[in-house]
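Inside the fold
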Amino acid sequence: MSISAAAASTSLSPVNPRRSSPASRVSALLRRSLLWRPLSSSSSSHSLLRPVSAMASPRTAAGEAASRKKLIIFDDEEDLAASLAKRTAELSARFAAERGAFTVVLSGGSLVKALRKLTEPPYLEAVDWSKWHVFWVDERVVPKDHADSNYKLATDEFLSKVPIPAGQVYAINDALSAEGAAEDYETRLSQLVKDGVIGMSPVTGFPKFDLMLMGMGPDGHVASLFPDHPVVHENQKWVTFVKDSPKPPPERITFTLPVINSSACIALVVTGAGKAGAVHKALSEEQNTSDLLPVEMVSLQDGELTWFTDKPAVSMLSSL
Ligand SMILES: O=C(O)[C@H](O)[C@@H](O)[C@H](O)[C@H](O)COP(=O)(O)O
């Protein structure tokens, strides 16, 4: 059963009522630093629920800046794309004003299509695209014109339609091996940190990108960090590689978790029933810390993680 707009606008409505009481469910959510409340009935059909508070994550050490998490559930993909464009444009204006640059990190997959409204009015004209610097959180080690290339996907669907200076789009060097491409990308990031284009997190000592726009796989992978793969635990490098990705193609480079977790903002775009199991594991109150999916390890040290979801993706959550 999915949440109806009417129900969500008046009360917290469990999707699948279960044994625990509403109070205990909310309490569990609080422990996980997530709390939802309905939007007012004057809201449009999108964003049925939103968080009411931003709290320190249990994984954030006392005294550090707080990590904030939000879950937004949309009625349909059009509403999700509209909200994602609005949020991205707001962050672009904010970081361009604060830093003189806006560092944006893309994944591959369905995320790219969700960015399409940025290529249309009013954003096409209103966004200061000259401030954008575009990176990939992961890339397949294939030629840039290959059908599997995340660069090609982003170029075809998004980058070719907005006036970002070509020199501010940082594709991998596709002439190198996976290992070489990862090293090369990290070296280039390091230079951009020195140049002040990319910030550094004073909390973690890793680069701090302004916005990461990412998808999540049905198995709970993010970037090219797959469940049970050793690179999930890489905690020194900024960029690493895999040669045995369970999702083809096998060779990829990927940002490491410390870099992802140093972001100022992450928009995690997760839609469809195929993601419901991983969403349930990541967001339900039944926390199992011994067997975390990569997506569960995404925990910003000093930033805001927003889940952009739809009803099928949250259909196994009982806490709503
Ligand atoms: O290169 C990749 O394979 C992607 O970067 C990958 O991490 C993707 O974002 C997820 O698999 C979600 O993809 P979907 O949104 O298409 O399911």
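On a predicted model such as this, the values are computed, not experimentally measured, just so you know. Each chain carries its own residue numbering, running from 1 in the direction its sequence is written. Residue-level local features of this predicted model are given only where pLDDT is at least 70; pairs of side-chain atoms are given and counted only at 80 or more, and the full residue set underlies all totals for whole chains, interfaces and linings. The side-chain values count all of the structure's non-hydrogen atoms but skip hydrogen atoms and water molecules.

**Quick look at the pattern of salt bridges**
Definition used for salt bridges: Asp or Glu carboxyl oxygen within 4 Å of a side-chain nitrogen of Lys or Arg. Within the structure shown, the criterion is met by 18 salt bridges. The salt bridge involving Arg 116 is made with Glu 78; its shortest N-O contact spans 2.6 Å. With Arg 116 in the loop between strand 4 (102–106) and helix 4 (123–126) and Glu 78 in helix 3 (residues 77–99), this residue pair connects regions lying 38 residues apart in the sequence. Among the ionic pairs, Asp 156 bridges to Lys 152, the shortest N-O distance being 2.8 Å. Of the two residues, Asp 156 and Lys 152 are both situated in helix 5 (residues 150–157); the distance of four residues between them amounts to about one turn of the helix. Think of it in three bands: residues with accessible area under 20% of the maximum for their type are buried, residues over 50% are exposed, and the middle band is partly exposed, with areas taken using a 1.4 Å probe on protein chains only. Residue classification places Lys 152 among the partly exposed positions, given a relative accessible area of 27%. Segments assigned H or I by DSSP are reported as helices when at least four residues long, segments assigned E as strands when at least two residues long, and all are numbered from the N terminus.

**Considerations on the layout of surface pockets**
In this model, the second largest pocket occupies a volume close to 210 Å³. In terms of lining residues, the second largest pocket is bounded by 18 residues, among which Gly 108, Gly 109, Gly 215, His 221 and Lys 247 are the most central. A pocket, in this scheme, is an open set of points on a 1 Å grid over the protein atoms alone with protein on both sides within 12 Å along at least 5 of 7 lines, while a cavity is a set where a 1.4 Å probe fits but cannot get out; residues line either one if an atom lies within 4 Å of a point. Grid points are joined across faces, edges and corners, and a volume is the space filled by probe spheres set on the points.

**Some points on helix 6 (residues 178–194)**
Take the number of residues in a helix, subtract one, and multiply by 1.5 Å to get its expected span. Over its 17 residues, helix 6 extends 24 Å from the first C-alpha to the last, a length consistent with the 24 Å expected when each residue adds 1.5 Å. Contact criterion: two residues are considered in contact whenever any of their non-hydrogen atoms come within 4.5 Å of each other. Considering only its buried residues, helix 6 is in contact with strand 5 (132–136), strand 7 (199–200), strand 8 (207–208), strand 10 (239–242) and strand 11 (252–255). Remark: Gly 196 follows helix 6 within two positions and exhibits a positive phi of approximately 85°.

**Examining the site of the ligand**
A cutoff of 4 Å decides nearness: a residue is near a molecule or strand if any of its heavy atoms lies inside that distance of it. The full set close to the ligand counts 15 residues, and Ser 110, Asp 138, Arg 140, His 221 and Lys 247 are the nearest of them. What qualifies as a polar contact is a pair of N or O atoms within 3.5 Å, subject to a donor-acceptor requirement within protein and to the restriction that residues adjacent in sequence count only when both atoms come from side chains. Interatomic distance of 2.8 Å between a backbone N/O atom of Ala 223 and an oxygen atom of the ligand. Between an oxygen atom of the ligand and a side-chain N or O atom of Arg 252, the distance comes to 3.1 Å. Protein chains bury 90% of the 420 Å² of accessible surface belonging to the ligand in isolation. Cavity and pocket membership follows a simple rule, namely that a molecule belongs there if more than half of its atoms are within 2 Å of the grid points. For the ligand, the cavity whose grid points lie within 2 Å of the majority of its atoms is the second largest pocket. The nonpolar class holds Ala, Val, Leu, Ile, Met, Phe, Trp, Tyr, Cys and Pro. Asp, Glu, Lys and Arg form the charged class, and all remaining residues, Gly among them, are polar. A class-by-class count of the residues in the shell around the ligand yields two nonpolar, eight polar and five charged. Per-residue and other accessible areas were derived by the Shrake-Rupley procedure at a 1.4 Å probe size, with only the shown protein chains allowed to occlude residues.

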